[in-house]
Structures are given as structure tokens and as C-alpha cells.
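# An overview of the molecular structure
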Amino acid sequence: MSFGLLKANKILIKLIRCGGLQKIGIAVICIALLVFPGIAAAFNQVFLTTANGTSWVTPFDWSDVNTIETIGGAGNGNAGGNSGSGGGGSGAYAAINNVAGLAPSQSITIQVGTGGSATVQDTVFNSASTKCQANLTVCANGGTVGGTTVGGLGGTTTASVPWIQFAGADGGVGHGTGDNGGGGGGAAGPYGVGRVGGAGVGTTGGGGGGGGGADGGRSTAGVAGSTTTGGDGGNNFNLNGGGKFGTSAVGGAATSSGAGGGGGDQLFGGGKGADGWEWGVGTSSPAYGTGIGSGGGGGGAGGNGTSPASTGGAGGFYGGGGGGGESAGGAGQNGLIVITYIPSVPPDARQVRLLGGVRLLGGVRLLYRPSSLFDSSLAFWNKIYKT
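What you are looking at is a predicted structure, and each value in this text was computed from that prediction instead of being measured. (Residues numbered from 1 in each chain as written. Predicted model: local features only at pLDDT ≥ 70, side-chain atom pairs only at ≥ 80, totals over all residues. Heavy atoms only, no water.)

## Examining the sheet that holds strand E7 (residues 138-140)
Two modes of strand pairing occur in sheets, parallel and antiparallel, and in both the strands are linked by backbone hydrogen bonds. The line we're drawing: Criterion used throughout: strands pair if DSSP finds at least two bridges between them. Only DSSP runs of H or I reaching four residues or more are called helices, and only runs of E reaching two or more are called strands; each is numbered from the N terminus. Note on geometry: axes are C-alpha line fits, over the in-contact stretch for helices, and angles between N-to-C directions span 0 to 180 degrees.
The strand order across the open sheet built from four strands is E2-E5-E6-E7, with neighbouring strands paired in antiparallel fashion. Single-partner strands in this sheet number two, and they are strand E2 (55-57) and E7. Going from strand to strand, the sheet's axes swing by 20 degrees on average, the running direction of each strand aside. Pairing between strand E5 (residues 107-111) and strand E6 (residues 123-125): two bridges, direction antiparallel. Of the residues in E6, the one forming a bridge with Gln 111 is Val 124.

See the structure below:
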């Protein structure tokens, strides 16, 4: 089942409150949910990435019943040469609902935070500001680039604005003695904070740390490299998918959405962090790498060499930090804006037959008789929960 559908239903529950209305109003609203069950799923969702530029036009059917969710950009892992290489910090998550005052077809200013080097950005909605600050509609703080022996900092809740906030995760520390890289931090998301990347081991011949898992829940931090291997990548919010450590090999790529990549063994690169799928696109169970969500951190590379193989693993989309590498750091990924709203234009009504069974004022009895079992309100809700 789509995570977006759950959010839309929660918005609808908040919107429809029978208490305090006249009895006739209570009956009309509550019957409407039975007669028009499609209302519960009547939401639209928009995804904004860096490809959308710096402005967005609200749809013609825009309404004040909405949720705006943001993830900040993430930092690259450091390329430390013989001095160690810390993993990149991941993006924070921030959200707000029921933003009022925006008109249909109105152009508003946005900034989807870019990940990468020193230009890591915050993600900002409805403001020309490029940094999170007080009085913004919503803003998610970006992470920072890894240092030579220190990990980059994850995006903070202090700098993010407002309603729901979860912090990004720091990258794992690199180590100058073994030249091993730290894993990148996993991005925060709607379920919670990101998890930190594992540290690169401080001995010659050891491995890089694993990337951190994304988005709270049961996700785990990346594991530190050992004296003989890299460290495992952190699991995702369902406690699975972390990339396996490298033994005389590159770290394994994460195998489930939002998990961290494995750390590489000596002279070998780190594994890629997995893309997220909290807002899965086009299917109820998107395959690994095909969804939209909070990305896992990239694995750190094993050191004592400058070959291209000792590159840190890239973070996952969106907001996952890159792993540290001796020859090159892994890429920190861009942020994201997710917009979910209930359209102001109602869905088409169904033609139904009302025969009796629901009592209104004056003794009138109404009953919705579906044309088939699959068209009944009970069948509708069963379908929603089994999708």
C-alpha cells in the first residue's frame, strides 16, 4: 500500500469531524463516506527535485488541505589521500500540513537542496531564502562534507523549520593511520532520524565503515571497519538490506531501499547506499532503486592505496551521505520536496440506489445498495488494506 495513501487518509480524518455539527449535517457527512468511498483516496501528490529549478506553480485544484515534506541535501565523503577520509553528513527531514494562503495556479519560490561538495544546500519551500531560518513555511537543513578524519555533520532539527522534524546523521570518522574511510550518514525521513555511518578502522590493512540506514524505525547505524574487513552497512527502517562488508573486495551495495552500503576492504571501494521508497511511485511495492524516499549512506573505502577502486560509495536518493574514500569520496545526494493535497475539485459522484437502513431526522431510512460486492464500502476498505 502506498505510504502517500495513508497520509491522505489521515488528512481526511482530521478534516471530517462530526462533533459540533447539526444532526442532519452529521448524517450527510457520514453517509457521504459510504456512498462516495473514493473520496478517501482522492489526493494528489507532487515530487520536486533539483530538476524542477527554483519555482513551482500550484495546480488548478490546489487546496489548503495539504502536507509539505522536505529532505535536505547531503555531503560528499572526503577524499583524504593518505590522511583519512570522513563520510558525508545526510539531510534532515521537516514537514508541515495545511499550509494556507496559497492560491491555485500561483508561482512560488522553492529550493531543492543540492548535495555534493562545499555547496550542500538546505531544502526550502515558499521562500527566496537559501538557508533555513525562522518564519519560513518549511525548511530541511542539509548535511556537510566529510573532513579528513572527522565525519560530516547531519542536518539538524535546530536549523530546520517547523511542525515535524527529524535530524540527519553524521558521517563516520575516517582514520589517518590506516587511511580508511568512514561511511556516509543515512537520511532522515517521515519515520525518524537517519543513522550514522560506521568509522574507518585505525590500522593498516583494515577497512572502511558501513553507511548508515535511513529514516528511523528499526534502521541501524553503519558498522565500523575491522582490522581485516570493511564494516556492514546499516539496515533500513524494516531492519534489512544493509550492504555486506568487503573481504579483499569492494563493499556490497545495499539490497533494500534506504539501507546503507558496505565498507570496502583495504584498497577497495565502498558500496552504494540504497535509494528510498517511502513515497513509492507507480506501484504498491516498488522494486529496489525505483521509488522515491530517504536514501541510505554510502560505504567507506579501505585505504593504503590511491587506485580508483578505493572510492567511497555514493549515498542513496534522497539525502544520503557519501562514503569517505582515499582516492575519491562518494557522492552525497540531493534533497527532495513531496507535496500531498486533497483537490478542491471533488471527484465525480457515483449513481447509487438508496432504499432504507440509515435513519435520518423525521424517520427517513436510507441504505446504499452497491451494484456488486466489489463496489460496496466494505469491499472498498478491504481493497485498501490488502493493496
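That covers the picture; the talk isn't over yet.
## A short note on the nonpolar core
Burial of nonpolar side chains together is a common tendency in soluble globular proteins. Cut-off, in case you're wondering: By nonpolar core we mean a set of buried residues, namely Ala, Val, Leu, Ile, Met, Phe, Trp, Tyr and Cys, connected to one another through side-chain atoms within 4.5 Å. Accessible area is worked out with a 1.4 Å probe on protein chains only. A residue is then buried under 20% of its type maximum, exposed over 50%, and partly exposed in between. In what follows, residue pairs with any heavy atoms lying within 4.5 Å of each other are defined as contacts.
One finds Leu 48, Trp 56, Ile 68, Ile 110, Phe 125, Ile 337 and Ile 339 to be the most contacted residues of the largest nonpolar core, which totals 18 residues. A total of three residues in this core trace back to one element, the largest contributor, which is strand E9 (residues 336-341). What Ile 110 contacts, discounting residues up to four positions off in sequence, is Leu 48, Gly 53, Thr 54, Ser 55, Trp 56, Val 124, Phe 125, Asn 126, Ser 127 and Ile 337. The next biggest cluster of nonpolar side chains, apart from the first, holds nine residues, and it includes Tyr 93, Trp 279, Tyr 318 and Leu 336.

## Some points on the sheet that holds strand E1 (residues 44-48)
Pairing is antiparallel in the open sheet, where five strands are placed in the order E1-E9-E3-E4-E8. Either end of the sheet is taken by a strand with one partner, and the two such strands are E1 and strand E8 (164-166). With direction set aside, neighbouring strand axes in the sheet form an average angle of 10 degrees.

## Concerning the pairing of E9
E9 sits mainly inside the fold: six of its six residues count as buried. What you see with E9 is no split at all: Leu 336, Val 338 and Thr 340 on one side and Ile 337, Ile 339 and Tyr 341 on the other are buried throughout. For E1 and E9, the ladder comprises five bridges, and the chain directions are antiparallel. Each bridged residue has a counterpart across the sheet, and for Asn 44 the counterpart in E9 is Tyr 341.

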